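Structural characterization, general
If you want the building blocks of each chain, they are given just below.
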Amino acid sequence: KAGVTQTPRYLIKTRGQQVTLSCSPISGHRSVSWYQQTPGQGLQFLFEYFSETQRNKGNFPGRFSGRQFSNSRSEMNVSTLELGDSALYLCASSSVPISGFAEAFFGQGTRLTVV
Amino acid sequence: AQTVTQSQPEMSVQEAETVTLSCTYDTSESDYYLFWYKQPPSRQMILVIRQEAYKQQNATENRFSVNFQKAAKSFSLKISDSQLGDAAMYFCAYKGNKLVFGAGTILRVKS
């Protein structure tokens, strides 16, 4: 069974630009959640999608948005990039919503650098 | 809001020895789950062990076991017979309606 796939693995963008990250969950998984990992703030929850609906959202500005498609693939978009958005972005997939007990499987992340 | 605290930024252990990583959490929920994740240099987050809050019995997975004290809101991870491959960042995580992570503990294993 293929794992969670995140593309691209590495990305360099300029301040003010926008970026789209992609996450393909494990086949059959309908929940995709996104996390931002930085040395200063650690791992922070961005949002969760389940069956194309956003179920939960963390404390991030509106520049951070996401969506989920009918095949459960998810995209995360960050507009008007700031230097502080430089981070490792991780997505995790699960067969049930986060509130359930099923294990969340993580992708290898997208390393975003904003210059 | 739920919070997870890992008070040990870094720990070291000799190969084949035992080490315990600490984690405390704060929540007003009665039903939740707790996890320990391992993140090696490859950055891939790997689930080490999980615990359902309603279960009093401590979870065990081979060399990994937890000491879950619900009243004290404590969830420590014990690694027995430490191996070089155990070296990684370890995150304690609380799962209610979202997954909340602690700051992490870097574990170094000395040969």
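The structure under discussion appears in the preceding block.
My aim in this report is to walk through the structure given alongside it, one point at a time.

Thresholds, definitions, all that
- Residues numbered from 1 in each chain as written.
- Chains lettered and ligands numbered in written order.
- Predicted model: local features only at pLDDT ≥ 70, side-chain atom pairs only at ≥ 80, totals over all residues.
- Heavy atoms only, no water.
- Helix = DSSP H or I, 4+ residues; strand = E, 2+ residues; numbered from the N terminus.
- Rg over C-alpha atoms; globule rule 2.2 N^0.38 Å.
- Buried < 20%, exposed > 50% of the residue type's maximum accessible area, 1.4 Å probe, protein only.
- Areas by Shrake-Rupley, 256 points an atom, 1.4 Å probe, with all protein chains shown as cover.
- Lys, Arg positive; Asp, Glu negative; His and termini not counted.
- Charge placed at Lys NZ, Arg CZ, Asp CG, Glu CD.
- Contact = heavy atoms within 4.5 Å.
- Pairing = 2+ DSSP bridges.
- Axes fitted to C-alpha atoms, helices over the stretch in contact; angles between N-to-C directions.
- Buried area = accessible area lost by both parts, 1.4 Å probe.
- Salt bridge = Lys/Arg side-chain N within 4 Å of Asp/Glu carboxyl O.
- Polar contact = N/O pair within 3.5 Å; in protein donor to acceptor, adjacent residues only side chain to side chain.

1. Description of the overall build of chain A
- When helices and strands are tallied, chain A shows 0 helices and 11 strands.
- Counting helices and strands in the order they occur from the N terminus, chain A gives β-β-β-β-β-β-β-β-β-β-β.
- Radius of gyration (C-alpha) of chain A: 13 Å, near the 13 Å computed for a compact globule of 115 residues.
- Overall, the C-alpha framework of chain A stretches about 35 × 25 × 25 Å when taken along its three principal axes.
- Put simply, chain A has 115 residues, and 51% of those count as buried.
- Surface accessibility of chain A: about 5,200 Å² in total, with carbon and sulfur atoms responsible for 47%.
- Of the side-chain charges in chain A, 11 are positive and 6 negative, and the distance between the mean point of each set is 3 Å.

2. Let's talk about the overall build of chain B
- In terms of regular secondary structure, chain B is built from 0 helices and 12 strands.
- Going residue by residue from the N terminus, the α and β elements of chain B occur as β-β-β-β-β-β-β-β-β-β-β-β.
- The C-alpha radius of gyration of chain B comes to 13 Å, within 12% of the 13 Å expected for a compact globule of 111 residues.
- Counting only C-alpha atoms and orienting by the principal axes, one finds that chain B spans roughly 40 × 25 × 20 Å.
- Across the 111 residues that make up chain B, the buried fraction comes to 50%.
- Considering only contacts within chain B whose residues lie at least 6 apart along the sequence, 53% involve residues at least 24 apart.

3. Comments concerning the sheet that holds strand S1 (residues 5–7) of chain A
All names here are of chain A.
- Strand order in the open sheet formed by 4 strands is S1-S3-S8-S7, with antiparallel pairing between adjacent strands. Whereas interior strands pair on both sides, the edge strands pair on one side only; in this sheet they are S1 and strand S7 (64–68). With direction set aside, neighbouring strand axes in the sheet form an average angle of 20 degrees.
- Note that strand S3 (residues 19–24) and strand S8 (residues 74–78) share 5 bridges and pair antiparallel. Within S8, the position partnered with Val19 by the bridge is Val78.

4. Some words on the interface of chain A and chain B
- Taken together, the contact pairs 18 residues of chain A with 19 residues of chain B.
- Buried area between chain A and chain B, both sides added, is near 1,900 Å², and the carbon and sulfur share of it is 55%.
- Across the contact surface, chain A and chain B share 0 salt bridges.
- For the pair chain A and chain B, the number of links is 3 residue pairs in polar contact (both at pLDDT 80 or more).
- Among the secondary structure elements, those contributing two or more residues to the side of chain A that touches chain B are strand S4 (31–38), strand S5 (42–50) and strand S9 (87–94) of chain A.

5. Quick notes on the pairing of strand S10 (residues 88–95) of chain B
All names here are of chain B.
- Burial within S10 is extensive, with 7 of its 8 residues counted as buried.
- Sheet topology note: the strand S5 (residues 33–39)/S10 ladder contains 7 bridges and is antiparallel. Each residue of the ladder has a partner; that of Trp36, found in S10, is Cys92.
- Pairing of S10 with strand S12 (residues 105–110) involves 3 bridges; the strand directions are antiparallel.

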